[in-house]
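# Understanding the architecture of this molecule
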Amino acid sequence: MFRAPLRDAPSHNLADQPSSDQRRSVRRTSLRCLTWLLCLALTGIAWTSTPIVDADEAAQREPVVDGPQEEPKRSAVVIPLHTDINPLSGEQLIRKFKSAVEMDVDVIILDINSPGGMVYYTFQIMDLILATKDVETVAYIRNDAISGAALVSLACDKIYMDPSARMGDAGVIEMGGDGAWRYVEAKGRSVVAQKARDTAERNGRSPTLAEKMTDKDMVVFRAVNKNDGTVRYISDKEWDSMPDTDAWERGNNIREAGKEMFFIANGKRCVELGMANQTVDSLDELATDLNLQTPIQVLDYTATDTAITILNSRPVTILLLIIGMIALVFEFSAPGMGIGGLTSILCFGLFFWSRFLGGTAGWFEVTLFVLGVAFIVLEIFVIPGFGVAGLGGFGLVLTSLVLASQRFLVPRNGDDLTKLGWDVLTVMGAFVGFLIAMLFLAKYIGDIPGLGRLTLKPQVAFAGIGAEDTDESFDEPDLSMPGWQRVQVGDEGVAVGALRPGGKMSVDDFTVDVVTEGDYVDSGMAVRVIAKQGTKIVVRVVA
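The following refers to the structure shown. Every chain is numbered independently, its residues counted from 1 as its sequence is written. With the structure being a predicted model, the display of local features is reserved for residues of pLDDT at least 70 and the display and counting of side-chain atom pairs for 80 or more, all residues being used for whole-chain, interface and lining totals. Side-chain numbers here rest on the full set of heavy atoms in the structure, without hydrogens or water.

## A short note on the overall build of the protein
- Assigned secondary structure in the protein consists of 18 helices and 18 strands.
- By the convention used here, residues are in contact when the closest approach between their heavy atoms is within 4.5 Å. Considering only intrachain contacts with a sequence separation of at least 6, the fraction spanning at least 24 residues in the protein is 61%.
- With the model as given, the accessible surface of the protein reaches about 31,400 Å², and the carbon-plus-sulfur share is 59%. Where helices and strands are cited, they refer to DSSP runs of H or I of at least four residues and of E of at least two residues respectively, numbered from the N terminus. All accessible-area figures derive from a Shrake-Rupley calculation using a 1.4 Å probe, and residue coverage is judged against the displayed protein chains alone.

## Things to note about the packing of aromatic side chains
- Geometry of aromatic contacts follows a simple scheme: Phe, Tyr and Trp rings, the Trp one being its six-membered ring, pair when their centres are within 6.5 Å, and the pair is stacked under 30 degrees between planes, edge-to-face over 60, tilted otherwise. Per the counting criterion, the structure on display carries seven aromatic pairs.
- Considering the side-chain rings of Phe-221 and Trp-239, the 5.5 Å spacing of their centres and the 75° angle between planes classify their relative orientation as edge-to-face. Residue Phe-221 is found in strand β8 (residues 220-225), and its partner Trp-239 is found in helix α8 (residues 236-241); the two are separated by 18 residues along the sequence.
- The class of Phe-221 is buried, set by a relative accessible area of 0%.
- Residue burial is assigned from relative accessible area. The probe radius is 1.4 Å, only protein chains are included, and a residue is buried under 20% of its type maximum, exposed over 50%, and partly exposed in between. In this structure Trp-239 comes out as buried when scored by relative accessible area, which is 17%.
- On the basis of an interplanar angle of 65° and a centroid distance of 5.2 Å, the ring pair of Phe-356 and Trp-363 is categorised as edge-to-face.
- On the basis of relative accessible area, Phe-356 is assigned to the partly exposed category, the value being 29%.

## Brief notes about empty space enclosed by the protein
- Of the two site types, the cavity is a set of points on a 1 Å grid over the protein atoms alone where a 1.4 Å probe fits but cannot get out, and the pocket is an open set with protein on both sides within 12 Å along at least five of seven lines, each lined by residues with an atom within 4 Å of a point. Grid points are joined across faces, edges and corners, and a volume is the space filled by probe spheres set on the points. If you walk through the whole model with that rule in mind, you get one cavity of 30 Å³ or more.
- Its boundaries defined by the atoms lining it, the largest cavity holds a volume of some 60 Å³.
- Only β1 (76-81) and α3 (87-102) provide two or more residues apiece to the lining of the largest cavity.
- Only Asp, Glu, Lys and Arg are considered charged in this grouping, and only Ala, Val, Leu, Ile, Met, Phe, Trp, Tyr, Cys and Pro are considered nonpolar; every other residue, Gly among them, is considered polar. Grouping the amino acids of the lining of the largest cavity by side-chain chemistry returns four nonpolar, four polar and one charged.

## Overview of the packing of α3 against helix α4 (residues 119-131)
- For helices, the fitted axis covers only the stretch in contact; all axes are lines through C-alpha atoms, and the angles between them, taken along N-to-C directions, range from 0 to 180 degrees. Where α3 meets α4, the closest approach of the two axes is 9 Å, and the angle between their N-to-C directions is 10°. When the axes of α3 and α4 are compared, the pair comes out roughly parallel. Listed contacts from α4 to Pro-87, Gly-90, Leu-93, Ile-94, Phe-97 and Lys-98 of α3 are Tyr-121, Gln-124, Ile-125, Leu-128 and Ile-129.
- Considered class by class, the residues forming the contact of α3 with α4 number eight nonpolar, two polar and one charged. Orientation is classified from the angle alone, with under 35 degrees giving roughly parallel, over 145 giving roughly antiparallel, 65 to 115 giving roughly perpendicular, and any other angle giving oblique.

## Observations concerning helix α14 (residues 363-381)
- Here, expected helix span is obtained from the residue count minus one, scaled by 1.5 Å. Relative to the 27 Å expected for 19 residues at 1.5 Å per residue, α14 spans 27 Å between its end C-alpha atoms, a close match to the ideal helical length.
- Every buried residue of α14 is accounted for by Glu-365, Val-366, Leu-368, Phe-369, Gly-372, Val-373 and Glu-379. The buried residues of α14 occupy an angular sector of 160° when the element is viewed end-on, so they sit on one face. Taking the helix axis as origin, the arc is that swept by the directions to the C-beta atoms.

## Considering the side chain of Glu-136
- Tracing the sequence through the fold places Glu-136 in strand β3 (residues 136-146).
- Glu-136 gets classed as buried once you look at its relative accessible area, which sits at 16%.
- Polar contacts involving the side chain of Glu-136 include one to the side chain of Arg-74, which spans 2.9 Å.
- Once you skip the residues sitting within four places of it in the chain, Glu-136 turns out to touch Arg-74, Asp-106, Val-107, Ile-108, Asp-157 and Lys-158. We call two N or O atoms a polar contact when they sit within 3.5 Å, provided that within protein one can donate a hydrogen and the other can accept it, with sequence-adjacent residues counted only if both atoms are side-chain atoms.

## Thoughts on the sheet that holds strand β9 (residues 231-235)
- Whether two strands pair comes down to DSSP finding at least two bridges between them. Ordered by their spatial adjacency, three strands build an open sheet running β9-β8-β10, and the pairing between neighbours is antiparallel. Looking along the sheet, the strands with just one partner apiece sit at the ends: β9 and β10 (248-253). In this sheet, neighbouring strand axes are inclined to one another by 35° on average, regardless of whether the strands run parallel or antiparallel.
- Pairing between β8 and β10: four bridges, direction antiparallel. Bridge assignment links Ala-223 to a residue of β10, and that residue is Arg-250.

## Remarks on the environment of Thr-122
- With respect to the helices and strands, the residue Thr-122 is situated in helix α4.
- In sequence terms Thr-122 and Ile-85 are 37 residues apart; their C-alpha atoms lie 6.8 Å from each other.
- Each residue touching Thr-122, except ones within four places of it in the same chain, is listed here: Ile-85, Gly-117, Gly-148, Leu-151 and Val-152.
- A polar contact of 2.7 Å, which involves the side chain of Thr-122, links it to the backbone oxygen of Met-118.

Everything listed here is a matter of geometry and, on its own, says nothing about what the molecule does.
Spelled out as structure tokens, the structure:
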């Protein structure tokens, strides 16, 4: 503290009273004490004005909310799988699954009640599910998920089952040459077994039990690790190759995974073995457990799916091909887009459209069909006779129709060979039906109401309008004579309407049905008869 300068003051007796310096020192000391007391008082006031709250009291002062805060419910869709897995149902399921992903839902539920099906299409569905990101996939097994349906269930993130539902039995079988189903050889089932192991392990399920679904020869038992108590299901094949068998205590065999049987278990048992997450009695209970919005939208079969199924059936396929080929013949007989061409386009368009959406056809088959039809047209209208172009075109059309009904070019096993035989039989049956229909129409089409006008009937000659009544007029027999009998090679006339290449020609005072050599002739042009073949009159434009 800085000191102030001393002032002059009267002198006093030091013995009688304190000096001036002493008094000033006392005052300064007193001021210091007062200052410190004031600071302490202010500090105490500030300290007492700030409450001390412990953790318990702070927690009690937080806003109280009755019960736990609920998370927002998630969106979901259900996709039914209630049929066997075949090219048609597999493609429909894949299409609906992709649509569900595009809907940006949180959960996709596969409602499964299926006996399984073909390996190829099962793998396609599994790969699609495994490749899906940011969407939880759930398999809900109501009754049965057998064979390929069990493998599809393993690909899902979670599996919910009815307590009495069953899952498993994914052994690979094929049809032999004698028509009997047989267990495939080891080479054929090894890929399926490895696929089952990898899929189950990826989703936290026992790979050994998953493999046992596909392999009836192995035996699975329960083993416990002696060090940490880990429980694991091990097969006899794995046990023989394990280097640390001393660290495991081998237990009893799993009853559902014994010798000469494929693993299959109900919902309750699957939960105990860790192959399923939980058993539920209904879809509503599943929605509650997964915190889903209800009601859940179902991507069920639509009218389009029903139409595709019907159009892919063999009877409807045969009918479409017969009608399409008959209409094509009518169009070739009178070129120019007419009812025949439109009907043919409609029939073959429905055929290939249903195969496109059914997953068995592509642009390759359509290209073969178009090229085949083009070769046949060249053979009929450009190249005389019926040779390489016609046979090649017929072969291309036949090949395209057969390939459009299957997913392979070369059969790989007995099942593919059987399917190829049925597809060839279906197409050949349609060709036989077409030939029979053409024979019938050639004989009776003139008597069928509404179809008689599609044929070129022989015309009866008639007298020209305004002809003079002279002795040189036609007699009675000439009036009843067909026009094709009266016209002769070399006769000239005028085209009545366009010739495309068929049409009518006016000769003198009567008309007759004619056909060109393939050229288009405008109405009113002069033409000459160059050939007669029965009722067929061939004409050419007069130069």
